[in-house]
Amino acid sequence: MDTIISLFLIFIGAALINNFVLHYFVGICPFIGVSRRVDMAFGMGCAVTFVIAIAATLSWTLTFYILRPDAPLSAWLWKALGGNPDVSVDLSILSYIAYIFVIASSVQFVEMYVKKFFPALHRSFGIFLPLITTNCAILFACLEIMKNLQGGDQIWGLHHALALSVGGGIGFTIAIVIMAGLREELELCDVPKALKGPGIALLVAGILAMAFMGFTGVDRGVADAIRTLTHN
Amino acid sequence: MASSSPSPAERFIAGILPENPIYRQLLGMCPTLAVTNSLKPALTMAIATTFVLLCANISISLIRPLLKPHLRILVFTLTIAAFVTIADRLLAAYLYEMSKQLGPYVPLIIVNCIIISRCEACASKQPLPHAIADAIGMGIGFTLALASLGFVRELLGMGSLFGHQVLPSSWPNWGILVLPPGAFLTLGALLGAVNAWTARRKAKQLSN
């Protein structure tokens, strides 16, 4: 039960309370640049969620078995190659390069998949699909997973990593879809000339972020509610 | 020749205001919004980014003849990732508290669009002096943008600058500016102010 609650807390935390876009400011570029039409924004959100889940799975595996301090696979290899057994093996200095490689290849994979099975969607995305590589949200998820694999009170399993990444992806989708809806309405408004475009979008995003601050504390309340429910 | 490819000096000036990465091109928004709740982290971040931008521009410009078109983005990102690792380790060694405060935003320099766009638009096509001037100009432009945001947010949000109280204690701190929504609001307002200022200057030049 505790595992389910902790997974749920990670998920809600990434999706709503500490929303990737509105709290951690990752994935701002597509948030400001792409979000002009709701259907496009939704497609973009789904693609990011998909890529983020793949990248998180791969980078969790890499970090857990190879990159973290005293990772089993690299420690075994070090001993098999005759290294000093008293020295602990730590490859975490390579993690940034490894993650960016993983992300670039998962984006390439998703692009090939979408091109083959959803050619219409692929045409409407155009340049934005390869640009997911430079979407900070994905690297951010990988870094959070790394942070929770290097010690701390709990070493994350793959299920925690997936909860964080899917939650983050869904949070990104929620934020970008709301923003696209707001901007569709904004087109009809009389905005001061200097604020047209990104200026007013940022101000609206600020108000949206304030609204999302209202979710603070929801996680504890929900966790308590689940606990009382299961105890009765 | 001079009109088709700007000289190093022109590239340097361009980065500071006419093509300012934040206010004009709206690139690299993630660190801009995330670390500017006070001046100190904002400046550290700006310097780290400038360092990575300069190193990446120099290396890309040097290996320019070897670049293959279909692999260039991968080469850019891996080069940047290597330099970001160096910057991250340096920060952790000499400014440990600051590196902890900046947290994941130092490694996130890897996906900062400014650096990739400068590698693509300038360093992969121009010789070394141009690339260096471009990197320093863009770096200063980025630093100015981050410093202006950090200045406004720290001054109005906490009444202090670099951690020293400057406004009288009767100042009601605008707490929202230090919180995440304040980042969006301040940048939106500053962006509007810069746009209005440029428009007025252009109008004046036309009327003269």
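Residues numbered from 1 in each chain as written. Chains lettered and ligands numbered in written order. Predicted model: local features only at pLDDT ≥ 70, side-chain atom pairs only at ≥ 80, totals over all residues. Heavy atoms only, no water.

Scanning chain B from terminus to terminus reveals eight helices and two strands. For 208 residues, the compact-globule formula gives about 17 Å, and the C-alpha radius of gyration of chain B, at 18 Å, lands near that figure. The dimensions of chain B, computed from C-alpha atoms along their principal axes, are 60 × 55 × 25 Å. Per-residue burial over chain B gives 50% buried out of 208 residues. Sequence-distant contacts in chain B: of pairs separated by 6 or more residues, those separated by 24 or more amount to 74%. (Helix = DSSP H or I, 4+ residues; strand = E, 2+ residues; numbered from the N terminus. Rg over C-alpha atoms; globule rule 2.2 N^0.38 Å. Buried < 20%, exposed > 50% of the residue type's maximum accessible area, 1.4 Å probe, protein only. Contact = heavy atoms within 4.5 Å.)

All right, on to the overall build of chain A then. Helix and strand content of chain A: 11 helices and zero strands. If you list the helices and strands of chain A from N to C, you get α-α-α-α-α-α-α-α-α-α-α. Principal axes of the C-alpha set define a box for chain A whose edges measure 70 × 50 × 35 Å. Relative to its full complement of 232 residues, chain A shows a buried share of 48%. Taking the intrachain contacts of chain A between residues at least 6 apart in sequence as the baseline, contacts between residues at least 24 apart amount to 75%. For chain A, the accessible surface area stands at approximately 11200 Å², while carbon and sulfur atoms represent 68% of it. When the 13 positive and 14 negative side-chain charges of chain A are each reduced to one mean point, those points stand 9 Å apart. (Areas by Shrake-Rupley, 256 points an atom, 1.4 Å probe, with all protein chains shown as cover. Lys, Arg positive; Asp, Glu negative; His and termini not counted. Charge placed at Lys NZ, Arg CZ, Asp CG, Glu CD.)

On to the packing of helix α1 (residues 2–17) of chain A against helix α11 (residues 218–231) of chain A, then. All names here are of chain A. One way to put it is that α1 packs onto α11 with a least axis distance of 10 Å and a crossing angle of 155 degrees. Of the possible angle classes, the one that applies to α1 and α11 is roughly antiparallel. In this structure, α1 meets α11 at a crossing whose hand is right-handed. In this structure, α1 uses Asp-2, Ile-5, Phe-8, Leu-9 and Ile-17 to contact α11, whose residues at the interface are Asp-219, Val-222, Ala-223, Ile-226 and Arg-227. Looking at side-chain class alone, the contact of α1 with α11 contains seven nonpolar, no polar and three charged residues. (Axes fitted to C-alpha atoms, helices over the stretch in contact; angles between N-to-C directions. Parallel < 35°, antiparallel > 145°, perpendicular 65-115°, else oblique. Left-handed = near helix turned anticlockwise from the far one by under 90°. Nonpolar A, V, L, I, M, F, W, Y, C, P; charged D, E, K, R; others polar.)

The next point concerns the nonpolar core. One finds Leu22(A), Ile28(A), Phe31(A), Ile132(A), Leu108(B) and Phe184(B) to be the most contacted residues of the largest nonpolar core, which totals 117 residues. Looking at which element gives the most residues to this core, the answer is helix α3 (residues 38–67) of chain A, with 11 residues. (Core = buried A, V, L, I, M, F, W, Y, C linked by side-chain atoms within 4.5 Å.)

Tallying each qualifying case throughout the model produces 11 aromatic pairs over all chains. Ring geometry for Trp171(B) and Trp174(B): centres 5.6 Å apart, planes at 25 degrees, overall stacked. Among the residues examined, Trp174(B) registers a relative accessible area of 42% and is labelled partly exposed. Within the aromatic cluster, the residues linked to one another by ring pairs are Phe50(A), Tyr113(A), Phe117(A) and Phe118(A). (Phe/Tyr/Trp six-rings, centres within 6.5 Å; stacked < 30°, edge-to-face > 60°.)

So, about empty space enclosed by the protein. The full count for this structure, using the stated rule, is one cavity of 30 Å³ or more. Of the voids in this model, the largest cavity is the one considered here, and its volume is about 50 Å³. Forming the walls of the largest cavity are Ile17(A), Asn19(A), Leu22(A), His23(A), Ala209(A), Phe212(A), Met213(A), Pro180(B) and Pro181(B). Those elements that place two or more of their residues in the lining of the largest cavity are α10 (198–213) of chain A together with α8 (180–207) of chain B. Per-element accounting of the lining of the largest cavity gives the leading share, three residues, to α10(A). When grouped by side-chain class, the residues that make up the lining of the largest cavity number seven nonpolar, two polar and no charged. (1 Å grid on protein atoms, 1.4 Å probe; cavity = no way out; pocket = protein on both sides within 12 Å on 5 of 7 lines; lining within 4 Å. Points joined across faces, edges and corners; volume = space filled by probe spheres on them.)

Turning our eyes to something else, we now look at the pattern of salt bridges. All names here are of chain B. This model, assessed by the stated rule, comprises six salt bridges over all chains. One salt bridge connects Asp-88 with Arg-89, and the closest N-O pair in it is separated by 3.3 Å. A residue is classified by how much of its surface remains accessible, and Asp-88, at 9% relative accessible area, is buried. For Arg-89, a relative accessible area of 45% gives the class partly exposed. The residue Asp-134 makes a salt bridge to Arg-118 at a minimum N-O spacing of 3.0 Å. (Salt bridge = Lys/Arg side-chain N within 4 Å of Asp/Glu carboxyl O.)

As a further point, take the interface of chain B and chain A. When the parts of a complex come together, some accessible area is lost, and that lost area is often used as the size of the interface. Taken together, the contact pairs 36 residues of chain B with 33 residues of chain A. Both sides together, the interface formed by chain B and chain A hides about 3000 Å², and carbon and sulfur atoms give 86% of it. Here chain B and chain A share three residue pairs in polar contact (both at pLDDT 80 or more) between them. Secondary structure elements with two or more residues in the side of chain B that touches chain A: α2 (29–34), α4 (72–94), α6 (113–123) and α8 of chain B. (Buried area = accessible area lost by both parts, 1.4 Å probe. Polar contact = N/O pair within 3.5 Å; in protein donor to acceptor, adjacent residues only side chain to side chain.)

The next thing to look at is the confidence of the model for chain B. Close reading of the predicted structure is inappropriate where its pLDDT is low. Residue and element names in this part refer to chain B. Residue-level pLDDT values for chain B average 85, and 98% of them are 70 or greater. By mean pLDDT, helix α1 (residues 8–16) is the weakest element of chain B at 78, and helix α3 (residues 39–62) is the strongest at 92. Here the prediction assigns the complex a pTM of 0.86, and the interface score ipTM is 0.84. (pLDDT = per-residue confidence, 0-100.)

The next thing to look at is a nonpolar patch on the surface. Residue and element names in this part refer to chain A. A cluster of nonpolar side chains, Phe-50, Phe-109, Tyr-113, Phe-117, Phe-118 and Leu-121, forms an exposed patch at the surface whose accessible area comes to about 590 Å². Take the nonpolar patch: its biggest share by element is three residues, from helix α5 (residues 95–117). Secondary-structure assignment places Phe-109 in helix α5. Here Phe-109 falls in the partly exposed class, since its relative accessible area comes to 43%. (Patch = residues over 30% accessible without salt bridge, like charges linked within 9 Å, V, L, I, M, F, W, Y side chains within 5 Å.)

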